[in-house]
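# Tertiary structure, described
Each chain is listed here by its residues.
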Amino acid sequence: MNLLLAFIPISLLLEYVFHAPPLWVFGASTVAIIPLADWLRKATEQVAARAGQTIGGLLNVTFGNLAELIIAIFVLLAGNTAVVKAQITGSIIGNGLLGLGLAILIGSFGRSRQKFSGENAGQLNSMLFLVVVALLLPALFDLTERLPAFEAGSAAARNNLDEYLSLGVAVVLILVYGLNLVYTLVTHKDVFALEEEEHQGTLWPTWKAAAVLLGATAIIALESEMLSGALDASSAALGLSPFFLGIIVLAVVGNFAEYIAGSYFARQGKIGLAINIAIGATIQVALFTAPLLVIISYLIGKPMNLVFSSPLELVAIVAVALIVTTVTKDGEATWFEGVMLIAVYLLLALAFYFVTPSEKAAQLNIPPAQVVVLQTS
């Protein structure tokens, strides 16, 4: 992982010295963010080990998806709200399907089955269905407002309603996520305690952990700025839509450290901790990162709503909740269940690869269902 840190100076040289093609800058910046995200995770764990479980949980919320959040903010600044939404969807399906599938599969080598806490899995699955409701609601509201019986006065009025609803949903979701932390880390921490061990090795000095957090955050911000600037040109050079790059590439890059951590703990026999990382990260994206991005988008003057207008994205989010609940409800996992999770992710990735979002629809903020009407009128 640390060898990939070499891509930090490489990306800077490509951008500011050699003025290389955007595709080269995009590739180098993407790879550079992966080890930086891992160092963010290490520094957060060091601080959390000193702070205790409750404060540690809050720190993990704050810094767990920081790399992904920074990438999304710079993409927002570039005005690519559709790519940010795709990144949110990609993080949800990536953590819930690819991350969990890899952890179960790698942890199953040499083991016929792996057992974990049913209570903890049940709580996580309940939160997943809250995610489904929260992300389906704005899309269904937007569709309802397009019906003759409920039609808003104009497209601008409908967009305003979408934005108001999204802001309200964002506030509710952040509050729920905060209360969930209180529930699992304070009032019922005995029920949801995981099979964690004491921190191995010598703890870093506080100054070192803080320096790594600040330094990695600053460099990720710089790399994310270069990445977002090269996004459109890179998608054209690769023959891929920015939508696909957001939902697969950017989402995987932002969460790669969590995939590694979950697989590592599963290999050590701590499948409960691996499941908590994978599903917990999925929930964190939907109930904390996505709502926070909605609020930030208004503060920076690039408003983004939570209307996921692509039916494919909505189906993917529902699929995550259904298959993860099916796999984890019995409190044990086998290698073939890991294969099934990865297979569903690959099927969705194929669909996202072949789908072709309309540029005209994106510019006019028109859901895919309305594109045919636009083209024939």
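No experiment lies behind these values; they were computed from the predicted model shown. (Residues numbered from 1 in each chain as written. Predicted model: local features only at pLDDT ≥ 70, side-chain atom pairs only at ≥ 80, totals over all residues. Heavy atoms only, no water.)

### Concerning empty space enclosed by the protein
To keep things clear, this is the line we draw: Points on a 1 Å grid over protein atoms alone make up a cavity when a 1.4 Å probe fits among them but cannot get out, and a pocket when they form an open set with protein on both sides within 12 Å along at least five of seven lines; lining residues each have an atom within 4 Å of a point. Grid points are joined across faces, edges and corners, and a volume is the space filled by probe spheres set on the points. Runs of H or I in DSSP of at least four residues are treated as helices and runs of E of at least two as strands, each being numbered from the N terminus. Classes in brief: Ala, Val, Leu, Ile, Met, Phe, Trp, Tyr, Cys and Pro nonpolar; Asp, Glu, Lys and Arg charged; the others, Gly included, polar.
In total, this model carries two cavities of 30 Å³ or more according to the counting rule given. There is about 60 Å³ of room inside the largest cavity. Asn95, Gly99, Ala103, Glu258, Tyr259, Gly262, Ala274, Ile277, Ala278 and Ala281 together form the lining of the largest cavity. Of all the secondary structure elements, the ones that give two or more residues to the lining of the largest cavity are helix H5 (81–107), helix H11 (242–267) and helix H12 (271–299). A total of four residues in the lining of the largest cavity trace back to one element, the largest contributor, which is H12. By residue class, the composition of the lining of the largest cavity is six nonpolar, three polar and one charged.

### Examining the pattern of salt bridges
How we decide: Any carboxyl oxygen of Asp or Glu within 4 Å of a side-chain nitrogen of Lys or Arg constitutes a salt bridge here. Only protein chains enter the accessibility calculation, which uses a 1.4 Å probe. A residue is then buried if its area is under 20% of the maximum for its type, exposed if over 50%, and partly exposed in between.
Tallied over the full model, the rule gives six salt bridges. With a closest N to O distance of 2.8 Å, Glu332 and Lys115 form a salt bridge. One end of the pair, Glu332, is in strand S2 (residues 332–333); the other, Lys115, is in strand S1 (residues 114–115), and 217 residues separate them in sequence. Among the residues examined, Lys115 registers a relative accessible area of 60% and is labelled exposed. Here the salt bridges share partners, and the residues they tie into one network are Asp38, Arg41, Lys42 and Glu45.

### Re the UniProt feature "transmembrane region" (unreviewed entry) in the chain
Put simply, the rule reads: UniProt positions are given in the numbering used here, feature names are shortened, and annotations may be inferred rather than shown by experiment.
Mapped onto the present numbering, the UniProt feature "transmembrane region" (unreviewed entry) falls at residues 56–78, 90–110, 122–143, 164–186, 236–257, 277–299, 306–327 and 333–355. Spanning residues 236–257, this segment combines 86% helix with 0% strand, and its end C-alpha atoms are found 28 Å apart. Helix makes up 77% of residues 306–327 and strand makes up 0%, while its end C-alpha atoms are separated by 28 Å.

### A word on the packing of helix H4 (residues 66–77) against H12
When two helices pack together, their arrangement is given by the angle between their axes and by how far apart the axes lie. What counts is decided by this rule: Axis lines are fitted to C-alpha atoms, over the contacting stretch for helices. Their N-to-C directions set the angle, which ranges from 0 to 180 degrees. Note on terminology: angles under 35 degrees are roughly parallel, angles over 145 are roughly antiparallel, angles of 65 to 115 are roughly perpendicular, and the others are oblique. Here a crossing is taken to be left-handed if its near helix is turned anticlockwise relative to the far helix by less than a right angle, and right-handed if that turn runs clockwise. Contacts: residue pairs with any heavy atoms within 4.5 Å of one another.
Between H4 and H12, whose axes approach to 11 Å, the crossing angle comes to 30°. Here H4 lies roughly parallel to H12, going by the angle between them. Judged by the sense of rotation from one axis to the other, the crossing of H4 with H12 is right-handed. Residues Glu68, Leu69, Ala72, Ile73 and Leu76 of H4 pack against Val285, Thr289, Leu292, Leu293, Ile296 and Ser297 of H12.

### Structural notes on the side chain of Ser297
Considering the arrangement of structural elements, one finds Ser297 in helix H12. Ignoring anything within four residues of it in the chain, the contact list for Ser297 reads Leu76, Lys302, Pro303 and Met304.

### Quick notes on the packing of aromatic side chains
We apply this condition: For Phe, Tyr and Trp, where Trp contributes only its six-membered ring, two rings pair if their centres lie within 6.5 Å, and the inter-plane angle classes them as stacked under 30 degrees, edge-to-face over 60, or tilted in between. Throughout this description, the term charge over a ring refers to an Arg CZ or Lys NZ atom that lies within 6 Å of the ring centre and within 35 degrees of the ring normal.
Scanning the model with the defined rule gives seven aromatic pairs in all. For the ring pair Trp335 and Phe336, a centre distance of 5.7 Å and an interplane angle of 85° mean the geometry is edge-to-face. Of the residues examined, Phe336 reaches a relative accessible area of 44% and is grouped as partly exposed. Here Tyr353 and Phe354 contribute two aromatic rings whose centre-to-centre distance is 4.9 Å and whose plane-to-plane angle is 80°, an arrangement assigned as edge-to-face. Since its relative accessible area comes to 43%, Tyr353 is described here as partly exposed. Taken together, the ring pairs in this structure connect Phe244, Tyr353 and Phe354 into an aromatic cluster. Above the ring of Trp39, the side-chain terminus of Lys42 is found at 4.3 Å from the ring centroid. Across from the ring centre of Trp204, 4.7 Å away, lies the NZ or CZ of Lys208, which sits over that ring.

### Considering a nonpolar patch on the surface
Quick reminder of the rule: Residues qualify for a patch when their relative accessible area is over 30% and they have no salt bridge, like charges being joined within 9 Å and the nonpolar side chains of Val, Leu, Ile, Met, Phe, Trp and Tyr within 5 Å. Each accessible area value is a Shrake-Rupley result obtained with a 1.4 Å probe; residue values ignore everything except the protein chains displayed when judging cover.
Taken together, the side chains of Leu13, Tyr16, Val17 and Phe18 present a nonpolar region at the surface, about 430 Å² in accessible area. By the element assignment, Leu13 lies in helix H1 (residues 7–16). A residue is classified by how much of its surface remains accessible, and Leu13, at 40% relative accessible area, is partly exposed.

### Quick look at H4
Applied cut-off: In this analysis, the expected span of each helix is defined as 1.5 Å times one less than the number of residues it contains.
For H4, with 12 residues, the first-to-last C-alpha span of 16 Å sits near the 16 Å given by 1.5 Å per residue. The buried fraction of H4 amounts to 10 of the 12 residues, a majority that puts the element mostly inside the structure.

### Focus on the environment of Leu136
Topologically, Leu136 is positioned in helix H6 (residues 118–145). With relative accessibility at 25%, the residue Leu136 sits in the partly exposed group. Note: C-alpha distance between Leu136 and Pro311 (175 residues apart in sequence) is 10.0 Å. The contacts of Leu136, once residues within four sequence positions are left out, are Leu314 and Val318.

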